[in-house]
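Observations on the three-dimensional arrangement
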Amino acid sequence: MKLTKEQINFVNNLLNKMTLEEKIGQLTQDSPSIVGGFDISFDELVEMLTDGRISQTEFNKKITNVKRDYHEDDIRNGFVGAVMGNDPKKANELQKIAVEETRLGIPLLIGFDVIHGLRTVYPIAIAEAGSFDDELMQKTASIAAKESRAYGINWNFAPMIDVARDSRWGRVSEGPGEDPYLSSRFATAKIKGLQGDQSSSNNYVAACTKHFVGYSACEGGRDYNTTTMSTNTLFNVYLPPFKAAMNAGACSAMAAFNDLNGIPCTVNSYTLRNILKDEFGLNGFVVSDANAIKECVNHGIAENDIVAGEMAINAGLDMDMGTRIYLNHLASSIKNGTVSMDVLDDAVKRVLSVKVWLGLFENPYIDEKIIEQYDCAIPKEHINICKESAEKSLVLLKNEENILPLDKNKKFTLVGSLADSPDEVTGSWALGFKSKDCVSIKKGLENSNANFDYYPICGPNTSINSSELDSAINSDSDIIVAVVGELKSMSGEASSKANLILPGQQREMLASLLRANKKVIAILMNGRPLALGWEKENLKAIIEGWHLGIQMGNAISSALFGDINPSGKLSCTFPSVNGQEPLYYNHTSTGRPASNSKFTSKYVDTPLEPCFPFGYGLSYTTFKYDSLTLKETPSSVNVTFNLSNTGKRPGTETVQLYIQDVTASIVRPIKELKGYKKVSLQPGESQTVTLTLDKSEMGFYNNMGQYVLENGLFKIYVGGNSKDTLVSKININF
Ligand code: BGC
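Residues numbered from 1 in each chain as written. Predicted model: local features only at pLDDT ≥ 70, side-chain atom pairs only at ≥ 80, totals over all residues. Heavy atoms only, no water.

**Topic: the side chain of Ser475**
Tracing the sequence through the fold places Ser475 in the loop between α20 (466–474) and β16 (479–485). Its relative accessible area of 10% is what places Ser475 among the buried residues. A distance of 2.7 Å separates a polar side-chain atom of Ser475 from the backbone oxygen of Ala472. Beyond its immediate chain neighbours, meaning those up to four positions away, Ser475 contacts Thr413 and Lys518. (Helix = DSSP H or I, 4+ residues; strand = E, 2+ residues; numbered from the N terminus. Buried < 20%, exposed > 50% of the residue type's maximum accessible area, 1.4 Å probe, protein only. Polar contact = N/O pair within 3.5 Å; in protein donor to acceptor, adjacent residues only side chain to side chain. Contact = heavy atoms within 4.5 Å.)

**Digging into the site of the ligand**
Taken together, 13 residues sit near the ligand, with Asp113, Arg171, His211, Asp289 and Glu493 positioned nearest. A distance of 2.7 Å separates an oxygen atom of the ligand from a polar atom in the side chain of His211. Its free accessible area being 310 Å², the ligand has 92% of it covered by the protein chains. A per-class count over the shell around the ligand returns seven nonpolar, one polar and five charged. (Near = heavy atom within 4 Å. Areas by Shrake-Rupley, 256 points an atom, 1.4 Å probe, with all protein chains shown as cover. Nonpolar A, V, L, I, M, F, W, Y, C, P; charged D, E, K, R; others polar.)

**Here's the deal with the sheet that holds strand β11 (residues 285–287)**
Note on sheets: strands pair through backbone hydrogen bonds, and any given pair is parallel or antiparallel. Here eight strands make up an open sheet; going across it, the order is β11-β8-β7-β6-β5-β4-β1-β12 and the pairing parallel. Unpaired on one side and paired on the other, β11 and β12 (320–321) mark the two borders of the sheet. Direction of pairing for strand β7 (residues 206–212) relative to strand β8 (residues 252–255): parallel, over a ladder of three bridges. Bridging across to β8, Thr209 finds its partner in Ala253. Contacting β6 (155–156) and β7, helix α9 (residues 180–195) runs over the sheet at an angle of about 150° to β7. (Pairing = 2+ DSSP bridges. Axes fitted to C-alpha atoms, helices over the stretch in contact; angles between N-to-C directions.)

**As for the pairing of strand β15 (residues 452–455)**
The pairing of strand β14 (residues 412–415) with β15 spans four bridges and is classified as parallel. Bridging from a neighbouring strand, Thr413 pairs with Asp453 of β15. Chirality of the crossover, the property in question, places the unit of β14, helix α19 (residues 441–447) and β15 among those that are right-handed. (Right-handed = clockwise from strand over helix to strand, strands pointing away.)

**Some points on the domain arrangement of the chain**
Structurally, the chain comprises domain 1 (25–106), domain 2 (386–580) and domain 3 (623–732). When each unit is reduced to the centre of its C-alpha atoms, the spacing between domain 2 and domain 3 is 33 Å. Taken together, the contact between domain 2 and domain 3 spans five residues of the former and nine residues of the latter. Summed over both sides, the interface between domain 2 and domain 3 buries roughly 520 Å², with carbon and sulfur atoms accounting for 40% of that surface. Considering only the side of domain 2, the residues that lose the most area to domain 3 are Asn565, Ser567 and Lys569, jointly responsible for 75% of the buried surface there. For the interface between domain 2 and domain 3, the tally reads one salt bridge. Taking the shortest distance from any N to any O, the salt bridge between Glu653 and Lys569 comes out at 2.9 Å. Connecting domain 2 to domain 3 are three residue pairs in polar contact (both at pLDDT 80 or more). The class makeup of the residues in the side of domain 2 that touches domain 3 is one nonpolar, three polar and one charged. (Domains from an automatic or database assignment. Buried area = accessible area lost by both parts, 1.4 Å probe. Salt bridge = Lys/Arg side-chain N within 4 Å of Asp/Glu carboxyl O.)

**Overview of the nonpolar core**
Ranked by internal contacts, the top residues of the largest apolar core, which has 202 residues, are Leu109, Trp155, Leu404, Phe412, Trp546 and Leu560. Broken down by element, the residue count for this core peaks at nine residues, all from helix α16 (residues 341–357). Setting aside anything within four residues of it in sequence, one finds Leu560 in contact with Leu404, Pro405, Leu406, Leu445, Val481, Ile521, Ile523, Ile543 and Tyr620. (Core = buried A, V, L, I, M, F, W, Y, C linked by side-chain atoms within 4.5 Å.)

**Examining the pairing of strand β27 (residues 725–732)**
Where strand β26 (residues 712–719) and β27 come together, eight bridges link them in antiparallel fashion. If you follow Val718 over to β27, its bridge partner there is Leu726.

**Here's the deal with the sheet that holds strand β21 (residues 651–661)**
One open sheet holds the four strands; their spatial order is β22-β21-β26-β27, and the pairing between them is antiparallel. On the outer flanks of this sheet lie β22 (672–681) and β27, each paired with one strand and no other. Neighbour-to-neighbour, the strand axes of this sheet turn through a mean angle of 20°, independent of strand direction. With nine bridges connecting them, β21 and β22 associate as antiparallel partners. Each residue of the ladder has a partner; that of Ile659, found in β22, is Glu672.

Dropping the structure here:
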């Protein structure tokens, strides 16, 4: 976020005119409360939708039938700087109060969780990162920005860039997977997409990177739990995506719920001030997570709300989401000197700067005509990009005897109730879609005139219907396409799981079909890596479909019939069985690497290898890597190799570059992703591919949090996934 001199002056002049109360108001984010109809808060209602207690349709019904209290008087009195919401008409009404009826006319930030699209819901982040397509990731974010702004939202609680190495944590679905490098590129693309197109104030929003920091490393994958890690792990693994986001100009960040090495992130001045603001250069503001300031009392770090608020603002937490602790207590803390005016002014300046940068003072309102257009239909361009993203994010995990692609004219049997569940394609944190826009897998197959019978049989939370199972077994086709996986409410916030195998009786259904000698192809719909050892062993083919968004059905259908050739790769490692988690490819070197001999680092009752490694994904064609050479230049290593399409179809391969620092002053990972590129080849075609490895990327953070480049031997790997690679060595003097 860059402000001009005039804009900086504007902020300073405005600050000079503000009363203490008006300043504190700017640091308060309010949410509407629900009145009448039912007795719960809006936040809880959103929670019920997110965790599956109510469907999107029920949510929409409740929301339209009840009244909401938007606390207009508080806005009028200048007590509110930001609100949460996605109602366009209301957005204009509230902005009008803020702009025309407050003493200083400061517009509101209107924030909302637009994590992977608003009306046009595109693939969940863990899926989309697997497209390894930065340009596409940027495009989907820019669609989200435009749609948000059209609905009055000017501040998106995205991107979520928590590097996640434990699939038991439900929120793995919301972020770009387990790798810091891929997550950093994802973060950069998302910030550019959300904030980059400033040609009109209709095109961009302020991004809010989250959750800062270490939230995903919660103990045992249990959401909201404690996080303990070394300085070098924090700097090498969890911080890089945030650094990338700040380099790309991210306007704001959300502090995480967890404590990090004993200090809750909400009141952690080391992470908020020293790292995020001073070192990474955030010149926008930090917001707490929902109710998190109050939760510092539960953490046992503050004796009451007043102290929690003082600790938070002093630590650099600029805006309070949802507790009103700043509003109720900061003024007396300022008066009694526990919080200084300088600290307060700095926080207020940061919030005002984002408002100025967004152009809210010039254009606080939205054009309600645009909403009428959206209400009729989503723009075709948005649908097309959404479909492309779904097609490029799905991953072919197994294809025995090249059973895929299917012949469209040959009849098959479709099973699994998820196949006919339109809303489920959207995944967790999809709060603005309309069911009519969602293409289920069954609908997608119908759209392509496929020849199939359908028996739902069972789903993640419904038991087997034996007459439907019998019908599927007795059907005349020997090919079964089984859509299995998780409900969207089974991943996302507060959805940690100890058991990662297919939920309910889905595996039993697959086993019954196999016993009847059917050839079973699984299409997975899920928000986290599942333990797929049994499925890998027994099924003919597997497509990882994640929650691919509203075009999921059309994308899956294109892949099943070969209208597209799958090119997605896994952004995270898949276990064979539950107990392997946390499981990730870039673990540090041990003294006893896993092997068949007993006294090595492994489990004695699981395979040594993961079920599917990071970066893995097949194609309907095959690729061969050979002739790896390394050439050193003063600033880089040019990594060159030959890639050939050795199959019968055109295809796109994501070539991946990994390094290993063989001897270093601290133990380093066995492999680290440092580059990737997508290469498209015709059958029989070969290409010499060069990836440039910048030498400045070959260092690491030591235990003091300092970035160091150490001379010595490096291994350089290239390949189509993190396991199957060519390798060469090079000695580097920096
Ligand atoms: C989540 C955040 C989200 C916020 C506002 C919290 O419960 O952790 O990711 O942005 O709610 O909805």
